[in-house]
Amino acid sequence: MLGNLAEGDLIRRAQAGDAAAFDHLVRHYGRLVLSLARRIVRHSQDAEDVAQEAFLRFYRSLDRVDPDRPLQPWLVRLTLNAARNHVSRNPAQGEQPLTGECKGSAPGAAEASLAAGDIRKALTLALATIPERERVVFILRDLQGLEVRVIAEALKLSPVTIRRQSTSARHKVVAWIRLHRPDLLTRGE
């Protein structure tokens, strides 16, 4: 029943106290919020705490949400702020590599898992060398796959600035990998 409602209608219902509407929004955006939190804090348990904090902030400020505007940029901003706060309170955890698991059991799955792990580690190290804003834009655009307009609204920057920072971040990441891990660029050839 709620799945057929437009996002703005769900927000209005949640603002009116409809817990099911709020839960529907949380389920709809939960994967995005958790994935973004994981990429920023780089630890699964902490990411769950950050995602919970982002949704708690969403709930507490529900009355300020404009139902006629897309919710995604606002939730991205809440998640980024919650993640940044977490990292600033726990700076040593920000140095951990991105984690991921390969659950496949097909032939070559172990090798693919090792290769993916190498790539994640290299990407983590490369991202640590670029300015925070470019790093966030890279994560949102290249790793999360968000649209430029969503990122621009979430970060309160122009789409041109987002595209420019995205390009700069990509060049810096590739340059770092070429310099420090050129073997990753030649795999599979």
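Owing to the predicted nature of the structure, the values given are computational and were not obtained by experimental measurement.

Rules and cut-offs
- Residues numbered from 1 in each chain as written.
- Predicted model: local features only at pLDDT ≥ 70, side-chain atom pairs only at ≥ 80, totals over all residues.
- Heavy atoms only, no water.
- Helix = DSSP H or I, 4+ residues; strand = E, 2+ residues; numbered from the N terminus.
- Buried < 20%, exposed > 50% of the residue type's maximum accessible area, 1.4 Å probe, protein only.
- Contact = heavy atoms within 4.5 Å.
- Areas by Shrake-Rupley, 256 points an atom, 1.4 Å probe, with all protein chains shown as cover.
- Core = buried A, V, L, I, M, F, W, Y, C linked by side-chain atoms within 4.5 Å.
- pLDDT = per-residue confidence, 0-100.

Here the focus is the overall build of the protein. A tally of helices and strands in the protein yields eight helices and zero strands. Counting from the amino terminus, the protein carries its helices and strands in the arrangement α-α-α-α-α-α-α-α. Split into buried and exposed, the 189 residues of the protein put 40% on the buried side. Counted over contacts in the protein with a minimum sequence separation of 6, partners at least 24 positions apart contribute 62%. As presented, the protein carries roughly 10,800 Å² of accessible surface, and 52% of it is formed by carbon and sulfur atoms.

Phe-58, Leu-71, Leu-140 and Leu-155 are the most contacted members of the largest nonpolar core, which totals 53 residues. Mapped onto this core, the elements with two or more residues apiece are helix 1 (7-15), helix 2 (19-41), helix 3 (44-60), helix 4 (72-89), helix 5 (109-127), helix 6 (132-143), helix 7 (148-155) and helix 8 (159-180). Leave out the neighbours within four places in its chain, and Leu-71 touches Glu-7, Ile-11, Leu-25, Tyr-29, Phe-58 and Val-65.

This part takes up the confidence of the model for the protein. Per-chain confidence: the protein averages 85 in pLDDT, with 83% of residues scoring 70 or above. The secondary-structure element of the protein with the lowest mean pLDDT is helix 5, recorded at 70, while helix 7 shows the highest, at 96. This stretch, residues 94-107, has a pLDDT under 50; its non-local contacts, to residues over four places away or in other chains, come to 21 contacts. Confidence drops under a pLDDT of 50 for residues 109-113, and excluding neighbours within four residues, the segment shows four contacts in the predicted structure.

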